[in-house]
Amino acid sequence: MAVATAVALLAALGGTLWLAARRIGGTRAQRLHGGGDSGLMRGKTVLITGANSGLGRATAAELLRLGARVIMGCRDRARAEEAAGQLRRELRQAGDPSPGPDAGGPGELVIKELDLASLRSVRAFCQELLQEEPRLDVLINNAGIFQCPYMKTEDGFEMQFGVNHLGHFLLTNLLLGLLKSSAPSRIVVVSSKLYKYGDINFEDLNSEQNYNKSFCYSRSKLANILFTRELARRLEGTNVTVNVLHPGIVRTNLGRYVHIPLLAKPLFNLVSWAFFKSPLEGAQTSIYLASSPEIEGVSGKYFGDCKEEELLPKAMDESVARKLWDISEVMVGILK
Ligand SMILES: NC(=O)c1ccc[n+]([C@@H]2O[C@H](COP(=O)([O-])OP(=O)(O)OC[C@H]3O[C@@H](n4cnc5c(N)ncnc54)[C@H](OP(=O)(O)O)[C@@H]3O)[C@@H](O)[C@H]2O)c1
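Criteria and thresholds
Residues numbered from 1 in each chain as written. Predicted model: local features only at pLDDT ≥ 70, side-chain atom pairs only at ≥ 80, totals over all residues. Heavy atoms only, no water. 1 Å grid on protein atoms, 1.4 Å probe; cavity = no way out; pocket = protein on both sides within 12 Å on 5 of 7 lines; lining within 4 Å. Points joined across faces, edges and corners; volume = space filled by probe spheres on them. Helix = DSSP H or I, 4+ residues; strand = E, 2+ residues; numbered from the N terminus. Nonpolar A, V, L, I, M, F, W, Y, C, P; charged D, E, K, R; others polar. Axes fitted to C-alpha atoms, helices over the stretch in contact; angles between N-to-C directions. Parallel < 35°, antiparallel > 145°, perpendicular 65-115°, else oblique. Contact = heavy atoms within 4.5 Å. Phe/Tyr/Trp six-rings, centres within 6.5 Å; stacked < 30°, edge-to-face > 60°. Buried < 20%, exposed > 50% of the residue type's maximum accessible area, 1.4 Å probe, protein only.

Q: Just to check I follow, could you spell out the layout of surface pockets for this structure?
A: Gaps left between atoms are located by rolling a probe of water-molecule size over the structure's atoms. Taken as a whole, the largest pocket spans an internal volume of roughly 1,300 Å³. Every residue lining the largest pocket is counted, 49 residues in all, and those nearest its centre are Phe146, Thr252, Asn253, Leu254 and Gly255. Broken down by secondary-structure element, the contributors of at least two residues to the lining of the largest pocket are helix H2 (54-65), strand S2 (69-74), helix H5 (159-181), helix H6 (213-234) and helix H7 (265-275). Residue composition of the lining of the largest pocket, grouped by class: 21 nonpolar, 18 polar and ten charged.

Q: How should the packing of H6 against helix H10 (residues 318-332) be read in this particular structure?
A: A pair of packed helices is captured by two measures, namely the crossing angle of their axes and the spacing between those axes. Look at H6 against H10: their axes get within 9 Å of each other, and the N-to-C directions meet at 95 degrees. With respect to each other, H6 and H10 are oriented roughly perpendicular. Counted together, Ala223, Leu226, Phe227, Glu230, Leu231, Arg233 and Arg234 of H6 and Val320, Ala321, Arg322, Leu324, Trp325 and Asp326 of H10 form the full contact between these two elements. When the residues that make up the contact of H6 with H10 are grouped by side-chain class, the tally is eight nonpolar, no polar and five charged.

Q: Looking at this model, I keep getting lost on unusual backbone geometry. Mind explaining?
A: Among all residues except glycine, the phi angle is most often negative; among peptide bonds, the trans geometry is most common. Of note, the amide linkage connecting alanine 183 to proline 184 takes the cis form, showing an omega dihedral of 5 degrees. With respect to the secondary-structure elements, proline 184 resides in the loop between H5 and strand S5 (185-190). Residues other than glycine seldom take positive phi values, yet serine 207 does so here, at roughly 50 degrees. Tracing the sequence through the fold places serine 207 in the loop between S5 and H6.

Q: Looking at this structure, how should I read the packing of aromatic side chains?
A: Where two aromatic rings form a pair, the distance of their centres and the angle of their planes describe that pair. Tallied over the full model, the rule gives eight aromatic pairs. Judged by centre distance (4.6 Å) and plane angle (90 degrees), the ring pair of phenylalanine 146 and tyrosine 217 falls under edge-to-face. With phenylalanine 146 in the loop between strand S4 (138-141) and H5 and tyrosine 217 in helix H6, this pair connects stretches of sequence that are 71 residues apart. A relative accessible area of 15% places phenylalanine 146 in the buried class.

In structure tokens, the structure reads:
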């Protein structure tokens, strides 16, 4: 028995190390969308929510490299400043022109405070942005919170539904006018494959009766997809497109609420290093949907690894999508 366990452990470790060696050897594509073309986004303004960490940060880095003016919508100014400093240093080291708030040209980085757990903050953010920015070419709804204990937003909504869906729902609606006047423009929504395990229970959207942190995350990600498809329908003929994606499993700070026993941490770190995508790999589909000329005019679709993928029927249910839209409007206080 002990020998069999030892053999199994050694095999698992060997497999992990083999995969790790393959990663170090660079066998996985770093840039699925092709990279290159450093001027592709010159003259374009991109807003990324949650741009100080993980996928948002990697997306910001690449779009900056492609020449975009990137607005980082972040809830914590200190964390955002730190990330922006790193991004500027990385670009300088790569030999690209130094971006900065005073640069006034392509590759510029701007920080604005945005807390998606507060409708007041979302409104203030949009008011300032609409006053200061003459155009918005791409909105990337990326920020997210994962499997937190039961918490409520400032407005009393269950945190995961409130941040991942409702905050972005209000943000997008308040910026639609600017996106339309900047058309052709794009909206990119970061969802997750875990949407498959969610359901929209209209009787208890706030999860007052029964809170299950995994289910609520999945539900918020299903809401992201239903929202995208309903928005695409409403935007037909405007030249504003909206698509949704899953990034795969990525090494980021998303798992901050997931408890891993101390003794299991080294193994978890090894496995995640070997099997999970890096933030740059995970961000490829966001970057692709934000910048690639290939998907000009494509709207309402679900992507993974820069390719369109099929959805389960529950994510394509138009009557649920419409009902969710109407209820979300009431919840965030948008008057019809
Ligand atoms: N990582 C994965 O394997 C994975 C898989 C599928 C989908 N996703 C999705 O990918 C997106 C990005 O996540 P990530 O993996 O890059 O995780 P991350 O490193 O934790 O980044 C999440 C970002 O969202 C921000 N955020 C959280 N709550 C916010 C709030 N109330 N207001 C404004 N910003 C807030 C965080 O800000 P702070 O730094 O201030 O906390 C952070 O910048 C999420 O939507 C997530 O659901 C990730």
